Amino acid sequence: DALLQEAELRVPGLQPQTLFLGGGTPSLLPPEELLRLLQGLDSILGFRDSSLESSMEANPESFDEATAEAAFAGGLNRISIGAQSFRPPVLAAYDRPHGPEDIEKAVASARGAGFENLNLDLIFAFPGQDPLEWEADLNRALRLGPQHLSCYELTFEPGTPLTRKRDAGRMEEEDSDLCLRLFDRTLEICSEAGLGRYEISNFSLPGMACLHNLAGWRRLPLVGIGPGACGWGDGVHRKNISDPAAWQADLEGGGDGLEESSTPNSQTSAFEHLMMGLRLEKEGVSLDRVKESTGVNVEELPGDPLALLVAEGLLEILSGPEGRVLRATPTGFPLLDHALQRLLPEGRR
């Protein structure tokens, strides 16, 4: 009810190009509630007539036939399943309640409901992981016939059980050289299966790249609805109240659920374009669009960091029909964080 209330308040008639339910686990909703939410969003936004891609994240243990059918009937056409691993000990370490067979059942439920666009999320570089085990995981996922794979290197996020184990000395992060080999091997295996890498962690069949994520990497306007949701547009960042109960109470009290908004300066905005666009391996980021959008000429930053990165062979500038494009070289792509740190605005490097 509160989600629909916020949508009605903020973006009636939006007609979005993409819709994405995630950043949580929407598949936990009972099927009838999921269908009610989607039907309500369509009546407010009109997404069924406008959206090119309407996705939902799902966890294997909570995505059964009834949930899949409700999602499809509600107008979704893409499902992203959080598989993470096919190895029970690794899933247990990630605090995942599902097993390998649940992943296969979830895929079958999606296919049975009519979904023809399916993503699987996987995580590699688990501490002590045998590279052959990762390859086996990857091949098992590919045998399920997904149109898209997201393969993320394990990161230790603050406050998670994995991070607490690491900080207590019970687990060590994997060697960075091995992580790089796994990163490269992932590209090889996916490419052999016909899935090309179009972003750091994302692979797809031709024409099946995630449109919603592409919109984010291209810095197109995004509306975030729900507790903790973030969005940007018209040069403004917006973030909703994170606590669900407080967010709901704010809406019920006549508020709009918003916790904060900010307007980044031109240099920060230009950096955000670079930070997101350089993730796109082949596409890169249009320097002309950055200048048009922010007024900043990235090629004239103090200290000439861009010229230095080009001279070092980490970045390259190409001329094409749409102007000058900046992208990472094959050498620089695995070192993108290093390059971006050198492009940070003055005072933040």
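Calculation rules
- Counting from 1, residues in each chain are numbered in the order their sequence is written.
- In view of the model being predicted, local features appear only for residues whose pLDDT reaches at least 70, and side-chain atom pairs are presented and counted only at 80 or more, with totals across whole chains, interfaces and linings using the full set of residues.
- With hydrogens and water stripped out, all remaining heavy atoms of the structure feed into the side-chain values.
- Numbering of helices and strands starts at the N terminus; helices are DSSP runs of H or I of at least 4 residues and strands are runs of E of at least 2.
- Radius of gyration here is computed from C-alpha atoms only, and the compact-globule reference equals 2.2 Å multiplied by the residue count raised to the power 0.38.
- Here the term buried applies to any residue with accessible area under 20% of the maximum for its type, exposed to any over 50%, and partly exposed to those in between, with areas from a 1.4 Å probe on protein chains only.
- Note on definitions: a residue-residue contact is assigned when non-hydrogen atoms from the two residues lie within 4.5 Å.
- Exposure was quantified through the Shrake-Rupley algorithm and a 1.4 Å probe, taking into account, for residues, occlusion by the shown protein chains and nothing else.
- Working convention for charge: Lys and Arg count positive, Asp and Glu count negative, and His plus the chain ends are omitted.
- One atom stands in for each charge, and that atom is NZ of Lys, CZ of Arg, CG of Asp or CD of Glu.
- Think of it this way: a Phe, Tyr or Trp ring, Trp meaning its six-membered ring, pairs with another when their centres are within 6.5 Å, and the plane angle makes it stacked under 30 degrees, edge-to-face over 60, tilted otherwise.
- For a ring to carry a charge above it, either NZ of a lysine or CZ of an arginine must fall within 6 Å of the ring centroid while also lying within 35 degrees of the normal to the ring plane.
- Regarding the arc, it is the one traced by the directions from the helix axis to the C-beta atoms.
- The pairing criterion is simple: DSSP has to find at least two bridges between the two strands.
- Between N-to-C directions, angles cover 0 to 180 degrees, with each direction set by a line fitted to C-alpha atoms, over the stretch in contact for helices.
- The disulfide definition used here is simple: a pair of cysteine sulfur atoms within 2.5 Å.

Participant: How do you make sense of the overall build of the protein when you look at a structure like this?
Facilitator: Regarding its fold elements, the protein presents 15 helices and 13 strands. Whereas a compact globule of 349 residues would reach a radius of gyration of roughly 20 Å, the protein reaches 21 Å, a difference of no more than 12%. Judged by the C-alpha coordinates and their principal axes, the protein covers about 55 × 50 × 45 Å. Burial analysis of the protein (349 residues in total) assigns 47% to the buried set. A fraction of 66% describes how many contacts in the protein between residues 6 or more apart in sequence connect residues 24 or more apart. Working note: accessible area of the protein is about 17,000 Å², and carbon and sulfur atoms make up 50% of it. Distance between charge centres in the protein, computed from 30 positive and 55 negative side chains, equals 3 Å.

Participant: Got a minute to help me understand the packing of aromatic side chains in this structure?
Facilitator: In the structure shown here, the tally under the stated rule is four aromatic pairs. Consider the rings of Phe72 and Phe115, whose centres lie 5.2 Å apart with planes at 80 degrees: the pair is edge-to-face. Of this pair, Phe72 sits in helix H4 (residues 65-73) while Phe115 sits in the loop between helix H6 (100-113) and strand E4 (118-124), and the two are 43 residues apart along the sequence. Between the aromatic rings of Phe124 and Trp134, the centroid separation amounts to 5.4 Å while the plane-to-plane angle is 45 degrees, which identifies the pairing as tilted. Here Phe124 is found in strand E4, whereas its partner Trp134 is found in helix H7 (residues 131-143), with 10 residues between them in sequence. By relative accessible area, Phe124 is classed as buried at 2%. Positioned above the aromatic ring of Trp232, the side-chain terminus of Arg219 is 4.3 Å from the ring centre.

Participant: What am I meant to see in the environment of Leu21 here?
Facilitator: On the secondary structure map, Leu21 appears in strand E1 (residues 18-21). Taking the C-alpha atoms as reference points, Leu21 and Leu9, 12 residues apart in sequence, are found 18 Å from one another. The contact partners of Leu21, leaving out residues within four places of it in the chain, are Pro26, Leu34, Leu37, Leu38, Ser55, Met56 and Glu57.

Participant: I keep staring at helix H13 (residues 287-294) and nothing clicks. Help me out?
Facilitator: Residues lying three or four places apart along an α-helix face the same way, a consequence of the helix completing one turn every 3.6 residues. Turning to H13, its buried residues number three or more, namely Leu287, Val290 and Thr294. Viewed along the axis of H13, the buried residues span an arc of 55 degrees, placing them on a single side of the element. Where H13 is buried, its residues contact helix H12 (266-277), strand E11 (285-286), strand E12 (315-320) and strand E13 (323-328).

Participant: Is there a simple way to explain the sheet that holds strand E10 (residues 258-262) in this structure?
Facilitator: Whenever strands of a sheet pair, they do so through backbone hydrogen bonds, lying parallel or antiparallel. Pairing in this open sheet of three strands is antiparallel, and the strands run E8-E9-E10 from one edge to the other. If you trace the sheet from one side to the other, it starts and ends with strand E8 (230-233) and E10, each paired once. Direction aside, the axes of adjacent strands within the sheet are offset by 20 degrees on average. In this structure, strand E9 (residues 236-240) lies alongside E10, joined through four bridges in antiparallel fashion. Its bridge partner being in E10, Asn240 is matched across the sheet by Leu258.

Participant: Quick question: what am I supposed to make of the state of the cysteines here?
Facilitator: Working definition of a disulfide: a covalent bond connecting the sulfur atoms of two cysteines. This model, assessed by the stated rule, comprises zero disulfides. Considering cysteine sulfurs only, Cys190 is the nearest to Cys151, which forms no disulfide, with 4.8 Å between them. The thiol of Cys210 is unpaired, and the distance to the nearest cysteine sulfur, on Cys151, comes to 14 Å.

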